Amino acid sequence: MKPILQAEAAECGLACLAMVASHHGHRCSLAELRQRFGLSLKGASLARLTDIARSLGLQPRPLRLELDDVDKLRLPCILHWDLNHFVVLTRCGRRGATVVDPGFGERVLRPEELSTHFTGVALELSPGHDFVRRAAPPAIGLRQLTGRIRGLGGALAQLLGLSLALQVFVVLAPFYLQWVIDQVLVSADRGLLSLLALAFGGLLLLQVATGWVRGAAVLHLSSRLGQQWTGNVFAHLLRLPLQFFERRQLADVVSRLGAVQAIQRSLTTSAVEAVVDGAMALVTLAMMLAYSPRLAMFTGVAVLVYLAMRTATYGPLRRGTERQLVTAARQQGHLLETLRGMQSLKVSGQEASRQSAYANLLARTLNAEVGLARLGLGLSGANLAVFGLERLLVVWFGAGLVLDGAFSVGMLVAYLAYKDQFAQRVAGLIDKGLEFRMLRLHGERLADVVLAPPESDAADTRLPEVAGERGLRVDGLGFRYADGEPWVLRECGFSIGAGECVAIVGPSGCGKTTLLKLMLGLLPASEGQVRVDGRPLAAIGLREFRATVGAVMQDDTLFAGSIADNIAFGEVDPDATRIEAAARLAAVHDEIVAMPMGYHSLIGDMGNSLSGGQRQRVILARALYRQPRFLFLDEATSHLDVERERQVNDAVRRLRITRVIIAHRPETIASADRVLVMHQGRIVADHRVERRPVTPDPLAASEASPVTA
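Residues numbered from 1 in each chain as written. Predicted model: local features only at pLDDT ≥ 70, side-chain atom pairs only at ≥ 80, totals over all residues. Heavy atoms only, no water.

Within an unreviewed UniProt entry, the label attached to the protein reads Peptidase domain-containing ABC transporter, and the organism entered is Arenimonas terrae. Its UniProt record, at the heading Subcellular location (unreviewed entry), says of the protein: "Cell membrane". (UniProt positions renumbered as here; feature names shortened; annotations may be inferred.)

Here it is, written out as structure tokens:
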């Protein structure tokens, strides 16, 4: 069974179904199942897996059994593992069992290890009457992974031409030895010796010059390809929906992006070298046959033996490489998570347990690397043994030809040089062929990112720009994270007039933040729609709508740089006056100017040099700097004291823009015009707020520019 490793944190069940279905002949990819049967971070229950299995034409049979009965299961089947995971059981006997873990790969377990992980629940799967066998989907094309790269074909052709030119000197070099031995030494002609030395010395200088030009071309192509390809991948990554990042670990995404470098190296050097090796192998083989077909037979047999050995070790090498990539990503993820949560570790005193967990992950990574290194050592030893024996036989048989008068000494020396070139080129060609096959592993990992559908932004350019004059409207909005899961929101409907401030309140977990994300287009609605100025959000386009929006979410972050950089946030030519005005509205200006470097003060990694209240107000200033027509605030003042909260609320109330506020604190709720009460994913009440008038503030926004002081 070909292992299929999960990419998302909670899709082990889907990966197991993909493996079993492919085993029975319905070859499908994990990406296809993910698109058809999307799961949330909560994962999938056994009941959900049985429903998906029936959709694939498989007949499920869920079972509860004891460990002694595992060997009676119909294989392959799915086992419930560690109370929160699924694996595929492929073999079971008295001495142990073989499972394919979607999070790790194939594992061989002893009975006591199986007992530790197996929960007693299994799912047998067999083809049903409507099961349809189908071939594997077409392989992923290189163009799909790279996107458009300008000048790649011309640069590769230039590099190939220089590489072939270098090989001319390699082909001519053995003649120097042959002519010196057979012509100069026999006739004692010093003049001919000097002439040959000068001629081949000139060829050597040309070879060095050509090699330098080729090296410069490789560097240029590598940098050009890397810049365009990495830029294309990163641009696509930024267009992916928020759910893509919520379901994956950061280190795993970074590891998959690292496949770009592995594929790039193969394209810029290995591909050209493979063509050159192939051409040189043909040329040197022709020279060997011209010298002696019988001697060439020994080398041909050695090459076939080496090819058989490399082919036999491809499977273990691929599985070992995949295991090493997965374990290294987990180790890196644990490290990043530890560094991010250092404060929590210190407070709870869990440094020792965290260190132990990291040591275990490091050991797994090292074991995977050692396994690959051992395999490499074995192949190197086998290569040395095969071609060493082949050289002994060629020298032995060739010396016999010299003694018989069929060969000269110079011819034997030249033949050995061509033979070594042929063996080296063919071995390199075999290695590169398997390297290209290994690129499928890197390509599949990268394709999980590159081929993920981007956020929909099909705007109708014929529509007028978003003005915010008619406000927002929510019609029958519903959302759930995956089919078969409970509804987070259902039948939500309300309207917000232009310039109105609406507070959304309700108990924790009732769906307030999810509603806000749906209104911002960060999550796709399962049903219903959001209208802006009377137009559906999908018709306007997310990019155009978000250009008119300022938002402060619960988990918003600051970025490394100065305070001014974070308030302007990506502005090419930031306006210092607008930065200060936004900071004043957010009631953080006085604290900023009190810092030694003012607005140029560095905030550290994720703003860790600022207090929680300061971070929250700088993020609010960032939202206000955009001069938005709509302002969304999700607990934007939760870290502030009562006086600071009053200042911020008063400033926001003076803005002539549409505001949506999620809050629990009475002071913030009282600043709204209306209050929407949510309960269990529905709006259950809508009432207006009686509040005191607010004295106009000179920092309030003008009609022409809502947030300009």
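### Some thoughts on the confidence of the model for the protein
Keep in mind that low pLDDT regions are not for reading the predicted coordinates in detail. Per-residue pLDDT for the protein averages 81, and the proportion of residues at 70 or more is 83%. Below pLDDT 50 for its whole length, residues 694–709 participates in 29 contacts with residues either more than four positions away or in separate chains. (pLDDT = per-residue confidence, 0-100. Contact = heavy atoms within 4.5 Å.)

### Focus: unusual backbone geometry
Cis geometry marks the peptide bond from leucine 75 to proline 76; its omega dihedral reads -5°. As for its placement among the helices and strands, proline 76 is situated in the loop between β1 (58–64) and β2 (77–81). (Helix = DSSP H or I, 4+ residues; strand = E, 2+ residues; numbered from the N terminus.)

### Points about helix α23 (residues 642–653)
Over its 12 residues, α23 extends 16 Å from the first C-alpha to the last, a length consistent with the 16 Å expected when each residue adds 1.5 Å. Those residues of α23 not exposed but buried are Glu645, Val648, Asn649, Asp650, Ala651, Val652 and Arg653. Along its buried surface, α23 packs onto α20 (576–585), α22 (612–625), β13 (630–634), β14 (658–662) and α24 (666–670). (Expected span 1.5 Å × (residues − 1). Buried < 20%, exposed > 50% of the residue type's maximum accessible area, 1.4 Å probe, protein only.)

### Some thoughts on the pairing of strand β5 (residues 105–109)
Here strand β4 (residues 96–101) pairs with β5 via five bridges, running antiparallel. What sits directly across from threonine 98, in β5, is valine 108. Remark: three residues form the turn of the hairpin made by β4 and β5, two consecutive strands paired antiparallel. (Pairing = 2+ DSSP bridges.)

### Observations concerning the packing of helix α11 (residues 293–312) against helix α14 (residues 351–403)
Relative orientation of the contacting elements α11 and α14 amounts to 170°, with a least axis distance of 9 Å. With respect to α14, the element α11 is oriented roughly antiparallel. Between α11 and α14, the residues in contact are Arg294, Leu295, Phe298, Thr299, Ala302, Val303, Val305, Tyr306, Met309 and Arg310 and Leu379, Ala382, Asn383, Val386, Phe387, Glu390, Leu393, Val394, Phe397, Gly398 and Leu401, respectively. Taken together, the residues that form the contact of α11 with α14 break down as 15 nonpolar, three polar and three charged. (Axes fitted to C-alpha atoms, helices over the stretch in contact; angles between N-to-C directions. Parallel < 35°, antiparallel > 145°, perpendicular 65-115°, else oblique. Nonpolar A, V, L, I, M, F, W, Y, C, P; charged D, E, K, R; others polar.)

### With respect to the nonpolar core
Judged by nonpolar contacts, the single largest core of 43 residues is most densely connected at Ile563, Ile567, Tyr599, Leu631 and Leu633. Mapped by element, the contributors of at least two residues to this core are β9 (501–505), α19 (563–568), α20, α22, β13 and α23. Setting aside its immediate chain neighbours within four residues, tyrosine 599 contacts Ser562, Ile563, Ala564, Ile567, Ile579, Glu580, Ala583, His589, Ile592 and Val593. Core analysis: the second largest hydrophobic core is formed by 32 residues, Phe479, Cys510, Phe545 and Met678 among them. (Core = buried A, V, L, I, M, F, W, Y, C linked by side-chain atoms within 4.5 Å.)

### Concerning a nonpolar patch on the surface
A grouping of Leu389, Leu392, Leu393 and Trp396 is seen on the molecular surface, where their side chains present a nonpolar patch of about 470 Å² in accessible area. Note on placement: leucine 389 falls in helix α14. Classification of leucine 389 by relative accessible area gives exposed; the value is 52%. (Patch = residues over 30% accessible without salt bridge, like charges linked within 9 Å, V, L, I, M, F, W, Y side chains within 5 Å. Areas by Shrake-Rupley, 256 points an atom, 1.4 Å probe, with all protein chains shown as cover. Salt bridge = Lys/Arg side-chain N within 4 Å of Asp/Glu carboxyl O.)

### Remarks on the packing of aromatic side chains
This model, assessed by the stated rule, comprises seven aromatic pairs. Ring centres 5.9 Å apart and planes at 50° place the aromatic pair phenylalanine 545 and phenylalanine 630 in the tilted group. Taken together, the residues phenylalanine 545 in helix α18 (residues 542–546) and phenylalanine 630 in strand β13 connect sequence positions 85 residues apart. Classification of phenylalanine 545 by relative accessible area gives buried; the value is 0%. You can call phenylalanine 630 buried: its relative accessible area is 0%. Here the aromatic rings of phenylalanine 559 and phenylalanine 569 are separated by 5.3 Å at their centres, their planes lie at 25°, and the arrangement is stacked. With a gap of 10 residues between them, phenylalanine 559 in the loop between β12 (549–552) and α19 and phenylalanine 569 in the loop between α19 and α20 connect regions that are remote in the sequence. For phenylalanine 559, a relative accessible area of 43% puts it in the partly exposed group. By the ring-pair criterion, three or more aromatic residues cluster together here, those being Phe298, Trp396 and Phe397. Here the basic side chain of arginine 622 rests over the ring of phenylalanine 569, its NZ or CZ set 4.5 Å away from the ring centre. (Phe/Tyr/Trp six-rings, centres within 6.5 Å; stacked < 30°, edge-to-face > 60°. Lys NZ or Arg CZ within 6 Å of the ring centre and 35° of its normal.)

### Notes on the sheet that holds strand β10 (residues 527–532)
Spatially, four strands are ordered β8-β7-β10-β11 in an open sheet, and the strand pairing comes out antiparallel. With one partner strand each, in any of the chains shown, β8 (489–496) and β11 (535–536) form the two edges of the open sheet. Summarising the sheet, strand β7 (residues 472–479) and β8 pair through five bridges and their orientation is antiparallel. By the bridge assignment, arginine 473 is partnered in β8 with serine 495.

### What about the sheet that holds β14?
Here we have six strands laid out as an open sheet, ordered β12-β13-β14-β9-β15-β16, and mixed in their pairing. At either end of the open sheet lies a strand with only one pairing partner, and these are β12 and β16 (682–688). With direction set aside, neighbouring strand axes in the sheet form an average angle of 15°. Bridge analysis of strand β15 (residues 674–679) against β16 gives six bridges, and the strand direction is antiparallel. Paired with valine 675 across the bridge in β16 is histidine 687. Across the face of the sheet, helix α16 (residues 512–520) comes into contact with β9, β12, β13, β14 and β15 while running at roughly 155° to β13.

### Some thoughts on the UniProt feature "transmembrane region" (unreviewed entry) in the protein
Those places that UniProt annotates as "transmembrane region" (unreviewed entry) correspond, in this numbering, to residues 152–179, 191–213, 297–317 and 395–418. Counting secondary structure, residues 297–317 comes out at 95% helix and 0% strand; the distance between its end C-alpha atoms is 30 Å. Overall, residues 395–418 shows 79% helix and 0% strand. The separation of its end C-alpha atoms is 13 Å.

### Topic: the side chain of glutamine 243
With respect to the helices, strands and loops of the structure, glutamine 243 is situated in helix α8 (residues 242–246). The residues touching glutamine 243, leaving out its near neighbours within four places in the chain, are Phe479, Tyr481, Leu523 and Pro524.

### Some words on the packing of α14 against helix α15 (residues 409–450)
One way to put it is that α14 packs onto α15 with a least axis distance of 11 Å and a crossing angle of 160°. Taken as axis vectors, α14 and α15 run roughly antiparallel relative to one another. The handedness of the crossing between α14 and α15 is right-handed. Contact residues: α14 offers Phe387, Glu390, Arg391, Val394, Val395, Gly398, Ala399 and Val402, while α15 offers Val409, Leu412, Tyr415, Leu416, Lys419, Asp420, Ala423 and Ala427. (Left-handed = near helix turned anticlockwise from the far one by under 90°.)

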